[in-house]
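Commentary on secondary and tertiary structure
Residue strings, one per chain:
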Amino acid sequence: MKTLPWEILEEEDWKILKDLYSTAPDCAKFLSRRLRLDLGETMRRLRTLESKGFLERVEGRFLKKKGLRKPKHMNHTYYELTRPARLYLRKILFEEQK
């Protein structure tokens with residue numbers, strides 16, 4: 001499994017990754033609203049996290065997401081966690097709950 005550079009992450013990056021872990025794929029617009037971050041800053045952080053291997057873009061035209069009755073047409077670029085990032089976050093989040 002690919003080792004990710006977790007030590008380079010800032011607090012806002014952790015917020016984005018934890019939010020994507022809990023809410024599934026989302027776009028910069030809704031992430032910035034939910035986390036109360038500047039949209040430009042959120043977009044920059046998403047691109048950086050993608051280039052470092054933490055995130056990947058969601059392919060396709062429609063998105064099936066928890067809580068939606070029907071698939072949503074993707075008007076923006078949606079991001080989701082890569083498998084190594086998801087597994088690591090699951091591990092640390094469940095250790096925090098113990």
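Note: the structure precedes this text.
So, a few notes on the structure that sits alongside this text. (Residues numbered from 1 in each chain as written. Predicted model: local features only at pLDDT ≥ 70, side-chain atom pairs only at ≥ 80, totals over all residues. Heavy atoms only, no water.)

**Comments concerning helix α2 (residues 28-35)**
Test applied: Each residue is placed in one exposure class: buried if its accessible area under a 1.4 Å probe, protein chains only, is under 20% of its type's maximum, exposed if it is over 50%, and partly exposed if it falls in between. Helix numbering and strand numbering both begin at the N terminus, where a helix is a DSSP run of H or I of at least 4 residues and a strand a DSSP run of E of at least 2. As used here, the arc belongs to the directions running from the helix axis to the C-beta atoms.
Within α2 the residues assigned to the buried category are A28, L31, S32 and L35. What you see down the axis of α2 is that its buried residues fit within an arc of 95 degrees, all on one side. R36 sits one or two positions beyond α2 and adopts a positive phi of about 55 degrees.

**Focus: the pairing of strand β5 (residues 78-81)**
Spelled out, the test is: What makes two strands pair is DSSP finding at least two bridges between them.
Sheet topology note: the strand β1 (residues 26-27)/β5 ladder contains 2 bridges and is antiparallel. Bridge pairing in β5 links D26 to Y79. Looking at chain direction, strand β2 (residues 55-57) and β5 are connected through 3 bridges and run antiparallel. Bridge pairing in β5 places L55 opposite L81.

**Side note on the packing of aromatic side chains**
Where we set the bar: Within 6.5 Å between ring centres, the rings of Phe, Tyr and Trp (the latter by its six-membered ring) count as paired, and their orientation is classed by plane angle as stacked under 30 degrees, edge-to-face over 60, tilted in between.
Inspection of the entire model under this criterion finds 3 aromatic pairs. Plain terms: the ring middles of W6 and W14 are 5.4 Å apart, the flat faces sit at 25 degrees to each other, and that makes the pair stacked. In this structure an aromatic cluster arises from ring pairing among W6, W14, F54 and Y88.

**Some remarks on the side chain of R45**
The test is simple: For the purposes of these results, a polar contact is taken to be a pair of N or O atoms within 3.5 Å, where, inside protein, one atom must be able to donate a hydrogen and its partner to accept one; residues adjacent in sequence count only when each atom of the pair is a side-chain atom. Residue contacts follow a heavy-atom distance rule, with two residues in contact if any of their heavy atoms lie within 4.5 Å.
Mapped onto the elements, R45 comes out in helix α3 (residues 39-51). When its relative accessible area of 7% is taken as the criterion, R45 is described as buried. A polar atom in the side chain of R45 sits 2.9 Å from the side chain of E10. When neighbours within four sequence positions are excluded, R45 is seen to be in contact with E10, E12, D13 and I16.

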